[in-house]
Amino acid sequence: MKVLKFGGSSVANSSTIEKVLAIINQTAKKDKLVVVVSAFGKTTDNLLKIANAAVQNLEYHILLQETESYHLTVIKKLIPVTQQSEVISYVKRIFNHLETLFEGCNLLQELTPKTLATIAGFGELLSSYIIAKAAKEIGLSVNYKDSRELIIANGSYQSATVNFELTNKNAQEYFSNSKEQITILPGFIAATKEGKTTTLGRGGSDYSAAIYAAALQVDELQIWTDVSGMFTANPNIVKQAFPIPHISYQEAMELSHFGAKVIYPPTIQPVLEKEIPIVIKNTFSPTDVGTLITQKTEENKPVKGITFIENIALLTLEGSGMVGIPGFSKRLFETLSLKNINVVLITQASSEHSICIGIYTDDVAIAEQSINETFEVEINQHKVNAVLVESDLAILALVGDNMKNHQGLSGKMFSALGKNNVNIRAIAQGASEKNISAVIHKWDAKKALNTLHEQFFEEKLKQLNLFVTGVGNVGERFLSQVKQQQEYLRKHLKLNMRVIGISNSRKMFFNESCVDLSNWKKSLLNGEPTSLDAFFNKAISLNLRNSVFVDNTANEQVSMMYEQYLRKNIGIVTCNKIACASSLENYKTLKRVSRKYNAPFLFETNVGAGLPIIDTLKNLITSGDRVQKIQAVLSGSLNYVFNNFNESTSFHDVVQAAQNEGYTEPDPKIDLSGIDVARKILILARESGFELELSDIDNDSFLPEKSLNTSNNDDFYASLTEFEQHFQNIYKKAADKNCKLKYVAEFADGKAKVGLQHIPSDHPFYNLEGSDNIVLFFTDRYPVQSLQVKGAGAGADVTASGIFADVIRIGNV
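Model, not experiment: these values are computed from the prediction. (Residues numbered from 1 in each chain as written. Predicted model: local features only at pLDDT ≥ 70, side-chain atom pairs only at ≥ 80, totals over all residues. Heavy atoms only, no water.)

*Asks:* Can you break down the nonpolar core residue by residue, with the values?
*Replies:* Grouped together as the largest cluster of nonpolar side chains are 77 residues, with contacts concentrated most on Phe651, Ile681 and Phe702. Residue contacts for phenylalanine 702: discarding those within four places in its chain leaves Leu638, Phe642, Phe651, Leu672, His726, Phe727, Ile730, Tyr743 and Leu756. Counting 52 residues, the second-largest nonpolar core is a separate cluster that includes Ile17, Ala54, Leu72 and Ile182. (Core = buried A, V, L, I, M, F, W, Y, C linked by side-chain atoms within 4.5 Å. Buried < 20%, exposed > 50% of the residue type's maximum accessible area, 1.4 Å probe, protein only. Contact = heavy atoms within 4.5 Å.)

Written as structure tokens, this is what we have:
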């Protein structure tokens, strides 16, 4: 024999009930069945809403008529016209009775627990009778039985205590004499010894099914709902969550207590004592395996599920007067018990200086008042403080029977949360180690659940969520590289790299599931108007784990947003040199905030595009080496210009070609003025441990004053044409000495300078081709033969690849 219970979503309308009947029909071919059903859809909630409306003199007749029509519609779709009269008559009698009850509530302006229980139970009486009749019409061997004739409980009408001695006797006697293959009963309701209707409280229909299962010692209790079992996490929040095939009773109760709403914890108790298996199945996908719940499991996985409870508040009672004084805890919990306040979590410092409890937000006001009244004397004597209340919290729980046999789980849990800037307000863990609970801000619940699910259940696949601003020359190539390499990263580096937001100077577009990189231009074109603050606020509101802000611009205003991102635990990858070359105070602040909030701040492409210049320097410093001198050609654009400029070319045309090739900044004056090179050598000096400002860099510019003072590109290029002879003279002086022109950056003895130099043929810089960069590091370990880094130092592709490499570095941490 098996007990099958179908919830409200499974019997919401005629089409879902047909699915239920098909399941019953299939299962009854092998086993005798006890079928317990809930009320249709939201019927019980509607009946209680009508009752409250009646008491408050509000219009309730229309909602009552709608509820009746809803049931009549189900009958007309499930039962042939010739057989409907008996069922419709039954339903009409029920609703006439309900109308009388509601009129009484309206006249008396009263709604007692006894009346509420009577009204609430009609939903199951209606659904079970209609479904039983529909089952007979398709030829099933069915009998209908009213649960009030079998389940006997006390007079606590809204959460009655079952008399198991009488109930078990009634159930066993009835079913031993029942000849039908299927018996359909209403859940949730019971009766007192005097025959008065009472209800079993929250989860009542599950409880009814468990009561029958235990009384009859059936082979299996099946709970049919709208999900395919108990999941590793809430699938609406964690998209990668999956059904747990097999868990223990204890694990199921822990998960249910902490928010997994598939079953209600007390439901398990009757079958737990008899060790009857429970199976959670999906009415809408009956072939899915579901979840099997038994006394023990053979699976050795330490963590079975992650769940949470929202709308939690922490109450803290603390004071020096509590230390060593017995009775404080008793008085606290007795106060809450007298007010019927449920305590969800308890934690206490070993010093006995404080007790911290978690309760539901709805109970905060009365709990705070009651506790302060109880401890009024101690508060006035300053032995304890008035109770401290923290709201807008959630409890996150890691659940598993085998957690006690595995070391380091708590460390993994808190480390993963810490890396994503999830602040933990309180921690609780029982001695059985089946549950580790942490109180966090409810704002962080989604991020925390996804972070822990990734840590404990996913195949070491780390998700990176990118917010990209600047999708021009470099940005477009960066997105192209991400698209090209996404599958490779997933397969070989176990990185799930997702672009969540993109923006240019006009529009922004977000997709929490992932921007389609094959169609991002169209998406951005149809996006919403943007601003730096709007883009930032949207990224913050999504609150995704492992978030990274990617800046592909050369915009100062964008760089001024970095600190805000870092403080929200969003990492930064940037090719924008302005932040790291800004004031020393700002540079230090960004570094400090990055460390404090565990948010990476990577800027490899600030110097040498995709070349590992900064990374090499960091490795030298980290390993204990010290920089003595740096010599470098750091401008790919200037190297390109002076490699291509000669007596047969015009300086204007060569600079224009460099810009067309993507080697210069959008404003080429930034490159040619030397300010860009000055910023780069400043960054290298700072990364070497020296404290310099940009104003400390000696910049010997080769541009005429008029060119430097231009305010737009047209005027700048016009000035280059005007001063062509000036540039030809510079070239001739170098050529006459058999030298090449290179714009060189130097740092030594704590000082830095940049400017054009004549490079002889025996110098490492002489044969530097195209837009290449070269850096010579002279250090304690490399005092004569320098450590050299050389390669392409400009261009959108190599810059994008450097940005991409920095993002991957974050993913590999």
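Moving on from the coordinates now.
*Asks:* Break down the side chain of threonine 198 for me, citing the residues and quoting the values.
*Replies:* Within the element layout of this structure, threonine 198 appears in strand 6 (residues 197-199). Residue threonine 198 is classed as buried on the basis of its relative accessible area, which comes to 0%. What threonine 198 contacts, discounting residues up to four positions off in sequence, is Ala117, Ala153, Asn154, Ser156, Tyr157, Ala160, Phe188, Ile189, Ala190, Ala191 and Thr192. (Helix = DSSP H or I, 4+ residues; strand = E, 2+ residues; numbered from the N terminus.)

*Asks:* Can you tell me about helix 20 (residues 584-596), naming the residues and giving the values?
*Replies:* The terminal C-alpha atoms of helix 20, which comprises 13 residues, lie 18 Å apart, in line with the 18 Å expected from a rise of 1.5 Å per residue. Taken residue by residue, helix 20 has Leu584, Tyr587, Thr589, Leu590, Val593 and Ser594 as its buried positions. Looking at the packing, one finds that the buried side of helix 20 touches helix 19 (562-567), strand 23 (601-602) and helix 25 (675-687). Asparagine 598 sits one or two residues past helix 20 and shows a positive phi near 55°. (Expected span 1.5 Å × (residues − 1).)

*Asks:* Can you tell me about the sheet that holds strand 3 (residues 142-144), naming the residues and giving the values?
*Replies:* With mixed pairing, the 8 strands of this open sheet are ordered in space as 3-4-2-1-7-9-10-8. The strands lining the two open edges of the sheet, one partner per strand, are strand 3 and strand 8 (246-248). Averaged over all pairs of adjacent strands, the angle between their axes in this sheet comes to 20°, without regard to strand direction. Here helix 7 (residues 204-216) sits on the sheet and contacts strand 1 (2-6), strand 2 (33-37), strand 4 (182-186) and strand 7 (220-225); the angle it forms with strand 2, its principal contact strand, is near 160°. (Pairing = 2+ DSSP bridges. Axes fitted to C-alpha atoms, helices over the stretch in contact; angles between N-to-C directions.)

*Asks:* Give me the pattern of salt bridges: which residues, what numbers.
*Replies:* What the rule picks out here adds up to 30 salt bridges. Between glutamate 512 and lysine 446 there is a salt bridge, with its nearest N and O atoms 2.1 Å apart. With glutamate 512 in the loop between strand 19 (507-510) and helix 16 (520-525) and lysine 446 in helix 14 (residues 445-456), the pair connects residues that are 66 residues apart, well separated along the chain. What makes glutamate 512 partly exposed here is its relative accessible area of 33%. In this structure lysine 446 comes out as partly exposed when scored by relative accessible area, which is 33%. (Salt bridge = Lys/Arg side-chain N within 4 Å of Asp/Glu carboxyl O.)

*Asks:* So, the packing of aromatic side chains: which residues are in play, and what are the values?
*Replies:* Enumeration over the complete set of coordinates arrives at 29 aromatic pairs. Aromatic side chains phenylalanine 6 and tryptophan 224 sit 5.9 Å apart centroid to centroid with 20° between the ring planes, which places their arrangement in the stacked category. In this pair, phenylalanine 6 sits in strand 1 while tryptophan 224 sits in strand 7, placing the two residues 218 residues apart along the sequence. Residue tryptophan 224 is classed as buried on the basis of its relative accessible area, which comes to 4%. Arranged with centres 4.1 Å apart and planes meeting at 10°, the rings of phenylalanine 549 and tyrosine 565 form a pair that is stacked. Highlighted residues: phenylalanine 549 in strand 21 (residues 547-551) and tyrosine 565 in helix 19, separated in sequence by 16 residues. For the pair formed by phenylalanine 549 and tyrosine 565, the shared burial category is buried. Among the aromatic residues, ring-to-ring pairing joins Phe467, Phe510, Phe535, Phe536, Phe549, Tyr562, Tyr565, Phe601 and Phe603 into one connected group. When the ring centre of phenylalanine 778 is taken as reference, the NZ or CZ atom of lysine 629 above it lies at 4.8 Å. Stacked on the ring of tyrosine 587, the Lys or Arg arginine 686 has its end atom at 5.2 Å from the ring centre. (Phe/Tyr/Trp six-rings, centres within 6.5 Å; stacked < 30°, edge-to-face > 60°. Lys NZ or Arg CZ within 6 Å of the ring centre and 35° of its normal.)

*Asks:* Could you give an account of helix 23 (residues 651-660), naming the residues involved and the relevant values?
*Replies:* All of the buried residues in helix 23 are Phe651, Val654, Val655 and Ala658. Each buried residue of helix 23 sits inside an arc of 95° when the element is viewed along its axis, so together they form one side. Contact partners of the buried residues in helix 23: helix 22 (636-644), helix 24 (668-672), helix 27 (713-722) and helix 28 (724-736). Trailing helix 23 by a residue or two, glycine 662 shows a phi angle of about 85°, which is positive. (Arc of directions from axis to C-beta.)

*Asks:* Tell me what's going on with the sheet that holds strand 15 (residues 424-429), and back it up with residues and numbers.
*Replies:* By way of backbone hydrogen bonds, the strands of a sheet pair with one another, either parallel or antiparallel. Taken in spatial order, the 6 strands line up as 12-13-11-14-16-15 in an open sheet, and their pairing is antiparallel. Strand pairing shows two members of the sheet lacking a second neighbour, strand 12 (343-348) and strand 15, which therefore form its edges. With direction set aside, neighbouring strand axes in the sheet form an average angle of 30°. In this sheet, strand 16 (residues 435-441) lies alongside strand 15 in antiparallel orientation, the contact comprising 5 bridges. Of the residues in strand 16, the one forming a bridge with alanine 428 is serine 437. Most of the contacts of helix 10 (residues 328-338) go to strand 13 (residues 354-360), to which it runs at about 15°, and overall it touches strand 12 and strand 13.

*Asks:* Give a detailed account of the packing of helix 2 (residues 43-55) against helix 3 (residues 61-78), specifying residues and quantitative values.
*Replies:* Where helix 2 meets helix 3, the closest approach of the two axes is 10 Å, and the angle between their N-to-C directions is 155°. Accordingly, the angle class assigned to the pair helix 2 and helix 3 is roughly antiparallel. Both helix 2 and helix 3 take part in a crossing whose hand is left-handed. Between helix 2, through Thr43, Asn46, Lys49 and Ile50, and helix 3, the contact on the second element is made entirely by Leu63, Leu64, Thr67, Tyr70 and His71. Of the residues assigned to the contact of helix 2 with helix 3, the class counts are 4 nonpolar, 4 polar and 1 charged. (Parallel < 35°, antiparallel > 145°, perpendicular 65-115°, else oblique. Left-handed = near helix turned anticlockwise from the far one by under 90°. Nonpolar A, V, L, I, M, F, W, Y, C, P; charged D, E, K, R; others polar.)

*Asks:* Tell me about the packing of helix 6 (residues 164-177) against helix 7, residues and numbers included.
*Replies:* Where helix 6 meets helix 7, the axes come as close as 9 Å, and the angle between the chain directions of the two elements is 70°. Judged on the interaxial angle alone, helix 7 and helix 6 are roughly perpendicular. Here Phe164, Thr167, Asn168, Ala171, Gln172 and Phe175 of helix 6 come into contact with helix 7, specifically with Tyr207, Ile211, Tyr212, Ala215 and Leu216. Class assignment for the residues of the contact of helix 6 with helix 7 results in 8 nonpolar, 3 polar and no charged.

*Asks:* So what about empty space enclosed by the protein? Which residues, and what values?
*Replies:* Taken as a whole and assessed by the stated rule, the structure comprises 1 cavity of 30 Å³ or more. The calculated volume of the largest cavity comes to roughly 30 Å³. As for the largest cavity, its lining consists of Val633, Ser635, Leu638, Asn639, Phe642, Leu741, Lys742 and Tyr743. Mapped by element, the contributors of at least two residues to the lining of the largest cavity are helix 22 and strand 26 (740-748). Across the lining of the largest cavity, the residue classes tally to 5 nonpolar, 2 polar and 1 charged. (1 Å grid on protein atoms, 1.4 Å probe; cavity = no way out; pocket = protein on both sides within 12 Å on 5 of 7 lines; lining within 4 Å. Points joined across faces, edges and corners; volume = space filled by probe spheres on them.)

*Asks:* How would you sum up the pairing of strand 4? Please name residues and give values.
*Replies:* With 5 of 5 residues buried, strand 4 lies mostly within the body of the structure. Of the two faces of strand 4, the one lined by Ile182, Ile184 and Pro186 and the one lined by Thr183 and Leu185 are each fully buried. Alignment of strand 2 against strand 4, held across 5 bridges, turns out to be parallel. Among the inter-strand pairings, valine 34 is bridged to a residue of strand 4, identified as threonine 183. By the bridge criterion, 3 bridges tie strand 3 to strand 4 in an arrangement that is parallel. In the sheet register, valine 142 faces strand 4, and the bridge partner there is isoleucine 182. Read from strand 3 through helix 6 to strand 4, the crossover connection turns out right-handed. (Right-handed = clockwise from strand over helix to strand, strands pointing away.)

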